[in-house]
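Each chain, letter by letter, is given below.
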Amino acid sequence: MDTTTIFELEDGHGSGAYAKRPIALVKGRGVYVWDADGKRYLDATSGQGVAALGHCHPAVLAAINAQASQLITSQEAFYNDRRAELYTLLAKLTPGDLDQFFFCNSGAEAIEGALKVAMLLTGRAGIVAAKRSFHGRTTGALSMTWTQKYRKPFMGWLPRVSHVPFNDIDAARAAITDETAAVVVEPVQGEGGVHPASRAYLQALRQHCDEVGAMLVLDEIQTGFGRTGDMFGFEAARILPDIMALGKAIAGGLPMGAVCWRSAHGQIPRASHGSTFGGNPLGCAAAIAALSAIRDLRLSEHAGEVGGWMTDELRDLNLRGVREVRGRGLMIGIELRGRVSPVLKQLQERGILTLPAGLNTLRLLPPLVITRDELATARDAIAETLG
C-alpha cells in the first residue's frame, strides 16, 4: 500500500485524536524503522519506550510464533503455564517482596489498577500526585495527569486529586494525610519534561507515607525494565514502594501492563478487579522472552553506560539553542530555548525520530540495545539541527 493511500484511509476512518506525522511506518528491525517509501529512520522513540529490545527482536518473535501455535488466549478464570512462568520471572526481577501481580493491557490500565489496589488495601480514597506528571488518559489516570490540555475537557467527571510540586517534600507532606490512599509519582517525569526525582525526595515520600499509612505508588511504566540504568527507576533511591505500575517495555512490543505490590499487604478481594485479555498466554510468552533478554543482556547496565555517555556528549556540544540536558540512562531530555515542534520535523528529515516532552523539550527514548555509534549518529543530527 502506497503512502498516499495509507494517509487517506487513516484520515478518513481514524478518530482524529492523534496529531500524526507525515510518514507511514511499515517495517522495523533493531533500532531502525522504514516508511512506506523505503526511507530508513533511527528510532529514538522506540515506540514511546515500548521497543526496549528494538523492533522484531528474534527471541520475542520466536516466543510469539511458538505460543501462537499452542494457545493464544486463556483468561484468568483458569490457570496457565505461561502466566505462572511470567509471575515467577517478575518476582525474581522485582526487589524485596514486590511479588504480587495483576496483569492488564496497558500502562494506563496499570495506573487504574494501582489506584484500586491502594484504595482496597487502605480503605481510603484520597490521591496525591505531582505537577507536570503524566500517568495516562483513562479516567482515573487522567485525574492525576497534570497537563491541562488533557484534563480540561473532562474536569467535571474526574476524581479529586491533590497536585503538589514535584521534588518538593514540604508540599507533599502538607498534602499527604491520614485520608490519603495513594501518593503517585514517576521516578523520572517523562511527558513533563524528563525531570528526575531526587533521591532525598523519594526517601522522604517513603518515610512520610509510612508515618500516615498511605501507599507510595511509583509509575514505572516508562522507567521500568532498564530504561534509567537500573531495572526500575526507584532503585537509585534505595527505597521500596508499596505498589508499582508497569507497562511499555514489559512484553517486547505486545500490549501489556501490570500492577505490582508488596506481599506484606496481602491480596485484594476476589472479583474486585478483572481483565478479559490480561495475562493472556501470547502476551505472557512475549513478556518472558523480552524480560529474560533484558536481564541476560544486562541492558540496565548498558543503558546507564551509553546513556550517560550520550548525555555528556550533548552537554559538551554547548549548543546555543539548548537550555539544559538532563535525564537518567537512555531517558534523555534536551530543554530548548524555543519550541520543540520544528526540531522534531528537522530531525525526522535527517532520518532521526524523536519525541517531545512538553512544548520545549526534546526527548530521546531509544531502544536499550542501541550502540554508541548509533547514538553518535543521533548526536550529530541534533548538533546539525540546533547548531
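Up top is the structure these notes are about.
What you see is a predicted model, and the numbers here were worked out from it, not measured in a lab.

**Overview of the overall build of the protein**
- Of the regular secondary structure elements, the protein holds 13 helices and 17 strands.
- Relative to the globule expectation of 21 Å for 387 residues, the C-alpha radius of gyration of the protein, 21 Å, shows essentially globular dimensions.
- In terms of its C-alpha atoms, the protein occupies a principal-axis envelope of roughly 55 × 55 × 45 Å.
- For the protein, the exposed surface amounts to about 17200 Å²; the carbon and sulfur share of it is 51%.

**Considerations on the sheet that holds strand β16 (residues 355-356)**
- Here we have four strands laid out as an open sheet, ordered β13-β14-β17-β16, and antiparallel in their pairing. With one partner strand each, in any of the chains shown, β13 (322-328) and β16 form the two edges of the open sheet.
- As judged from the four bridges shared by strand β14 (residues 331-336) and strand β17 (residues 361-364), these two strands associate in the antiparallel manner. When the sheet's bridge partners are listed, Ile-334 is paired in β17 with Leu-362.
- Against the sheet, helix α11 (residues 299-316) contacts β13, β14 and β17, and its axis sits at roughly 15° relative to β14.

**Brief notes about the packing of aromatic side chains**
- Applying the stated criterion across every chain yields a total of five aromatic pairs.
- With a centroid separation of 6.3 Å and 20° between ring planes, the pair formed by Tyr-87 and Phe-101 is classed as stacked. Residue Tyr-87 is found in helix α4 (residues 81-93), and its partner Phe-101 is found in strand β4 (residues 98-104); the two are separated by 14 residues along the sequence.
- Here Tyr-87 falls in the partly exposed class, since its relative accessible area comes to 26%.
- Clustering of aromatic rings is evident, with ring pairs tying together Tyr-87, Phe-101 and Phe-103.

**Concerning the pairing of strand β1 (residues 25-29)**
- In the sheet, β1 pairs with strand β2 (residues 32-35) via four bridges, with the strands oriented antiparallel. By the bridge assignment, Arg-29 is partnered in β2 with Tyr-32.
- A loop of two residues connects β1 with β2, the two strands running antiparallel in sequence, and Gly-30 in this loop sits at a positive phi of about 60°.

**Looking at the packing of helix α12 (residues 341-349) against helix α13 (residues 372-386)**
- Contact geometry for α12 and α13: axes closest at 10 Å, N-to-C directions at 125°. If you check the angle between α12 and α13, you find them oblique. Read as a crossing pair, α12 and α13 show a hand that is right-handed. Facing Val-343, Gln-346 and Leu-347 of α12, the residues of α13 in contact are Ala-381, Ile-382, Thr-385 and Leu-386.
- Looking at the contact of α12 with α13, its residues break down into five nonpolar, two polar and no charged.

Conventions we followed
- Residues numbered from 1 in each chain as written.
- Predicted model: local features only at pLDDT ≥ 70, side-chain atom pairs only at ≥ 80, totals over all residues.
- Heavy atoms only, no water.
- Helix = DSSP H or I, 4+ residues; strand = E, 2+ residues; numbered from the N terminus.
- Rg over C-alpha atoms; globule rule 2.2 N^0.38 Å.
- Areas by Shrake-Rupley, 256 points an atom, 1.4 Å probe, with all protein chains shown as cover.
- Pairing = 2+ DSSP bridges.
- Contact = heavy atoms within 4.5 Å.
- Axes fitted to C-alpha atoms, helices over the stretch in contact; angles between N-to-C directions.
- Phe/Tyr/Trp six-rings, centres within 6.5 Å; stacked < 30°, edge-to-face > 60°.
- Buried < 20%, exposed > 50% of the residue type's maximum accessible area, 1.4 Å probe, protein only.
- Parallel < 35°, antiparallel > 145°, perpendicular 65-115°, else oblique.
- Left-handed = near helix turned anticlockwise from the far one by under 90°.
- Nonpolar A, V, L, I, M, F, W, Y, C, P; charged D, E, K, R; others polar.

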